[in-house]
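# Structural characterization, general
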Amino acid sequence: MQAQYVHPDDIRSQFSQAMSAMYRAEVPQYGTLLELVADSNADVLAQNAGLQALLERRGETGRLNIEYHGAIRLGTAAELSGMRRVFAVMGMQPVGYYDLSVAGVPVHATAFRPIDDAALKRNPFRIFTSLLRLELIEDAALRAEAEQILAARQIFTPGALALLDAHDLQGGLTKEQATQFVEQVLETFRWHQQATVSDAQYQHLHDAHRLIADVVSFRGPHINHLTPRTLDIDAVQAGMPLRGIVPKAVIEGPPRRACPILLRQTSFKALQETVLFSGADGQTVQGQHTARFGEVEQRGAALTPQGRQRYDELLNAARSHVPATNTPAYTKALQDIFKDLPDDWDAMREQGLAYFRYSATPAGLAAQAAPAGSIGELLASGLLQCDPILYEDFLPVSAAGIFQSNLGGPAGAAYATRSNRDQFAEALGQQPHDELALYASAELASLQQALSDLGLHQDAAALLQS
Ligand code: OOG
Ligand code: NI
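In what follows, the accompanying structure is described. Predicted model, so just to flag it, every value in this text is computed and none were measured.

This next bit is on helix 1 (residues 8-26). Spanning 19 residues, helix 1 covers 27 Å between terminal C-alpha atoms, matching the ideal 27 Å at 1.5 Å per step. Along helix 1, the positions that sit buried rather than exposed are Asp-9, Ile-11, Arg-12, Ser-13, Phe-15, Ser-16, Met-19, Ser-20, Met-22 and Tyr-23.

All residues adjacent to ligand 1 are His-69, Ala-71, Arg-73, Phe-128, Asn-224, His-225, Gln-265, Glu-295, Phe-394, Ala-399 and Phe-403. At 2.9 Å, a side-chain N or O of His-225 approaches an oxygen atom of ligand 1. At 3.0 Å, a side-chain N or O of Glu-295 approaches an oxygen atom of ligand 1. In the complex, 100% of the free accessible area of ligand 1, which totals 310 Å², lies under the protein chains. Mapped by element, the contributors of at least two residues to the shell around ligand 1 are strand 1 (67-74) and helix 17 (396-407). Residue composition of the shell around ligand 1, grouped by class: five nonpolar, four polar and two charged.

Attention now moves to the packing of aromatic side chains. For the coordinates displayed, the defined rule picks out 15 aromatic pairs. For the pair Tyr-23 and Tyr-30, a centre-to-centre distance of 5.3 Å together with 65 degrees between the ring planes defines the contact as edge-to-face. Given the relative accessible area of 0%, Tyr-23 is considered buried. Note on Tyr-30: relative accessible area 0%, which makes it buried. For the ring pair Tyr-311 and Phe-338, a centre distance of 5.7 Å and an interplane angle of 55 degrees mean the geometry is tilted. Of the two residues, Tyr-311 sits in helix 12 (residues 305-321) while Phe-338 sits in the loop between helix 13 (327-337) and helix 14 (345-350), which places them 27 residues apart along the sequence. Across the pair, exposure class does not vary: Tyr-311 and Phe-338 are buried alike. In textbook terms, an aromatic cluster arises when at least three aromatic residues are bridged by ring pairs, as seen for Phe-15, Phe-87, Phe-112, Phe-125 and Phe-189. Arg-299 extends its terminal NZ or CZ atom over the ring of Phe-394, reaching a point 5.4 Å from the ring centre.

Moving on to the sheet that holds strand 2 (residues 93-99). Here five strands make up an open sheet; going across it, the order is 2-3-4-1-5 and the pairing mixed. Edge positions in the sheet fall to strand 2 and strand 5 (225-228), since each has one partner strand and no second. Put simply, the sheet's adjacent strands are angled 20 degrees from each other on average, direction ignored. Pairing of strand 1 with strand 5 involves four bridges; the strand directions are antiparallel. For Glu-67, the partnering residue across the bridge sits in strand 5 and is Pro-228. Against the sheet, helix 4 (residues 77-89) contacts strand 1, strand 3 (107-113) and strand 4 (126-132), and its axis sits at roughly 165 degrees relative to strand 4.

In this structure, Leu-100, Phe-128 and Leu-384 are the most contacted members of the largest nonpolar core, which totals 75 residues. It is helix 10 (residues 210-216) that provides the largest number of residues to this core, a total of five residues. What Leu-100 contacts, discounting residues up to four positions off in sequence, is Val-105, Val-107, Ala-109, Phe-128, Pro-396, Ala-399, Ala-400 and Phe-403. Membership of the second largest hydrophobic core comes to 50 residues, among which are Leu-34, Leu-173, Leu-186 and Phe-189.

Moving on: the coordination of the nickel ion (ligand 2). Summarising the metal site, the nickel ion (ligand 2) is bound by the protein donors His-69 (NE2), His-225 (NE2) and Glu-295 (OE), whose distances to it range over 2.0 to 2.1 Å. Within one chain, the residues serving as donors to the nickel ion (ligand 2) are arranged as H-x155-H-x69-E. Linking His-69 in strand 1 with Glu-295 in strand 9 (residues 294-299), this pair joins segments that are 226 residues apart in sequence. Given the relative accessible area of 1%, His-69 is considered buried.

The subject of this paragraph is the environment of Val-89. On the secondary structure map, Val-89 appears in helix 4. In sequence terms Val-89 and Ile-251 are 162 residues apart; their C-alpha atoms lie 34 Å from each other. For Val-89, the residues in contact, after removing those within four places along its chain, are Pro-8, Ile-11, Leu-164, His-167, Leu-173 and Phe-181.

The subject of this paragraph is the packing of helix 7 (residues 158-170) against helix 8 (residues 175-189). One way to put it is that helix 7 packs onto helix 8 with a least axis distance of 9 Å and a crossing angle of 140 degrees. In terms of their interaxial angle, helix 7 and helix 8 are classed as oblique. Crossing hand, helix 7 versus helix 8: left-handed. On helix 8, the residues touching Gly-159, Ala-160, Leu-163, Leu-164, Ala-166 and Gln-170 of helix 7 are Gln-177, Gln-180, Phe-181, Gln-184 and Val-185. When the residues that make up the contact of helix 7 with helix 8 are grouped by side-chain class, the tally is six nonpolar, five polar and no charged.

This brings us to the pattern of salt bridges. Counted according to the given criterion, the structure contains 28 salt bridges. We note a salt bridge from Arg-256 to Asp-232, for which the minimum N-O separation is 2.9 Å. Placement of Arg-256 in the loop between helix 11 (233-239) and strand 6 (263-268) and of Asp-232 in the loop between strand 5 and helix 11 is noted, with a sequence separation of 24 residues between them. Take Arg-256: its relative accessible area is 42%, and that puts it in the partly exposed class. Linked through salt bridges whose partners overlap, the residues forming this network are Asp-232, Asp-234, Arg-256 and Arg-264.

Counting buried residues in strand 3 gives seven out of seven residues, a clear majority hidden from the surface. Residues Val-107, Ala-109, Ala-111 and Arg-113 of strand 3 are buried on one face, and the alternating residues His-108, Thr-110 and Phe-112, pointing to the opposite face, are buried as well. When strand 3 meets strand 4, the two strands line up antiparallel, connected through six bridges. Along strand 4, the bridge assignment pairs Thr-110 with Thr-129.

What counts and what doesn't
Residue numbers run consecutively from 1 along every chain, following the written order of its sequence. Working convention: letters from A go to chains and numbers from 1 go to ligands, in the order in which they are written. In keeping with the predicted nature of the model, local features appear solely for residues at pLDDT of at least 70, side-chain atom pairs appear and are counted solely at 80 or more, and the whole-chain, interface and lining totals rest on all residues. Where side-chain values are given, they derive from all heavy atoms of the structure, hydrogens and water being excluded. Strands here are runs of E lasting at least two residues and helices are runs of H or I lasting at least four, both read from the DSSP assignment and numbered beginning at the N terminus. Residue count minus one, scaled by 1.5 Å, sets the expected span of a helix. The cut-offs for exposure are 20% and 50% of the maximum accessible area for each residue type, with area from a 1.4 Å probe on protein chains only; residues under the lower value are buried, those over the upper are exposed, and the others partly exposed. Distances are taken per atom, and a residue is near a molecule or strand as soon as one of its heavy atoms is within 4 Å of it. Pairing of N or O atoms within 3.5 Å defines a polar contact, subject to two protein rules: one partner must be a possible hydrogen donor and the other a possible acceptor, and residues neighboring in sequence count only if both atoms are side-chain atoms. For every accessible area listed, the method is Shrake-Rupley and the probe measures 1.4 Å; residues are considered covered only by the protein chains on display. Think of it as three bins: nonpolar holds Ala, Val, Leu, Ile, Met, Phe, Trp, Tyr, Cys and Pro, charged holds Asp, Glu, Lys and Arg, and polar takes everything else, Gly as well. The pairing test for Phe, Tyr and Trp rings, Trp by its six-membered ring, is centres within 6.5 Å, and the orientation test on the planes gives stacked under 30 degrees, edge-to-face over 60, and tilted for anything in between. Think of it as a cone above the ring: NZ of Lys or CZ of Arg counts as a charge over the ring if it is within 6 Å of the ring centre and within 35 degrees of the ring normal. Should DSSP find at least two bridges between two strands, the strands are regarded as paired. Lines fitted to C-alpha atoms define the axes here, with helix axes fitted over just the stretch in contact, and angles between the N-to-C directions of these axes take values from 0 to 180 degrees. Two residues form a contact once any of their heavy atoms are found within 4.5 Å. We call a set of buried Ala, Val, Leu, Ile, Met, Phe, Trp, Tyr and Cys residues a nonpolar core when their side-chain atoms join them within 4.5 Å. Coordination partners: N, O, S within 2.8 Å of the metal, 3.2 Å for Na, K and Ca; water not considered, so apparent gaps in a site are possible. To sort the angles, those under 35 degrees are grouped as roughly parallel, those over 145 as roughly antiparallel, those from 65 to 115 as roughly perpendicular, and the leftovers as oblique. A clockwise turn of the near helix away from the far one marks a right-handed crossing, whereas an anticlockwise turn of less than a right angle marks a left-handed crossing. Salt bridges, as used here, are contacts in which a Lys or Arg side-chain nitrogen is within 4 Å of a carboxyl oxygen on Asp or Glu.

Rendered as structure tokens:
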């Protein structure tokens, strides 16, 4: 990219700041949540020098207290492929495929996020992007109606579309274009009080699934939440009521551990907002809609396929043991059942459960020539060190829990359907990146670099296998 163009990471930073400001103005409770998270993170860091040092080594201190992710729900394949172009301008690539239909939510999804380390450090902002699966609406007439309504809408402004073309032609955006681009794109994420449907249409869509009404009834895919990153989600969960915020009952994901893994999430309940429907005789009819909420997340280590399989098995065991609606009993069951998974970085590394980033220690760099050895031996010699790689993706069961608690009502029955990755990739216009391959290659590259820094000519891939 040429120098006259703004770096995609900088456009993404502008965008996430603009989104945060817009959302704080639209959903005041979200501003309160951001304050709570900032206060809590400061407390945690003040009490935990080791964590502070780890965050510094991983270059994550700048990623606290700011939005880590947001979410939107789209209605058509064209909207999804358009979003892919928009996010590409901001250095965000589709990663992962999430099928939520198994949990009774008629969507599948990906996360548009920065993928390389430097970009993640600059600004981690990503958008969990769902696509409605209209084929899961059973009522054929309603499905046709929803399709027609969606086909008639254009979620991007003419200005955004023109700038996308300019970007693709030029290979970048100038400073002025980038600022305009962020302004124009922001419009797509804005809340619209005025629905595009009548109250009767809304009701039909709502009866089919609340989420269908949320996607189909409005001019665009309003951002439905933003999520800062916390270092202690239990403290934030406990702190919410003290600041007048009502949290969902249960924290999604793994239990609290000394060695945090994957992703833990909680949210505050969606607001009930007044919306305006078009009445039969050109009148406006007032109604209510709940969609927008705030969330927090605590991230831990990325797990290998073996680690992830263990996680899924243990989570399923806990969930089948106690319904997640029974909060104290569920939390206890989760803690107990997860005792099966070692809560110790060395054990997790030795058993191949998590991904690590390797580097030469100062002593290793100073040593003239390190003696060759296994990873365990190099670590034990103090020449090599490793830190768990941060999980940058999402969890389908947790995502379904977040959806559900904010759609109101109990979990719907699973749709009797297959996940449809190919259909999603076709709508998107590419295959989403495989998140596990990204972690594995980051781990391998870090070990290769560390070995070379230590003056060792060992095969990194072979070392990781053994
Ligand atoms: C998205 C829910 C998924 C998460 O953090 O898992 C999500 C939605 O409600 O649209 O954002
Ligand atoms: Ni979320």
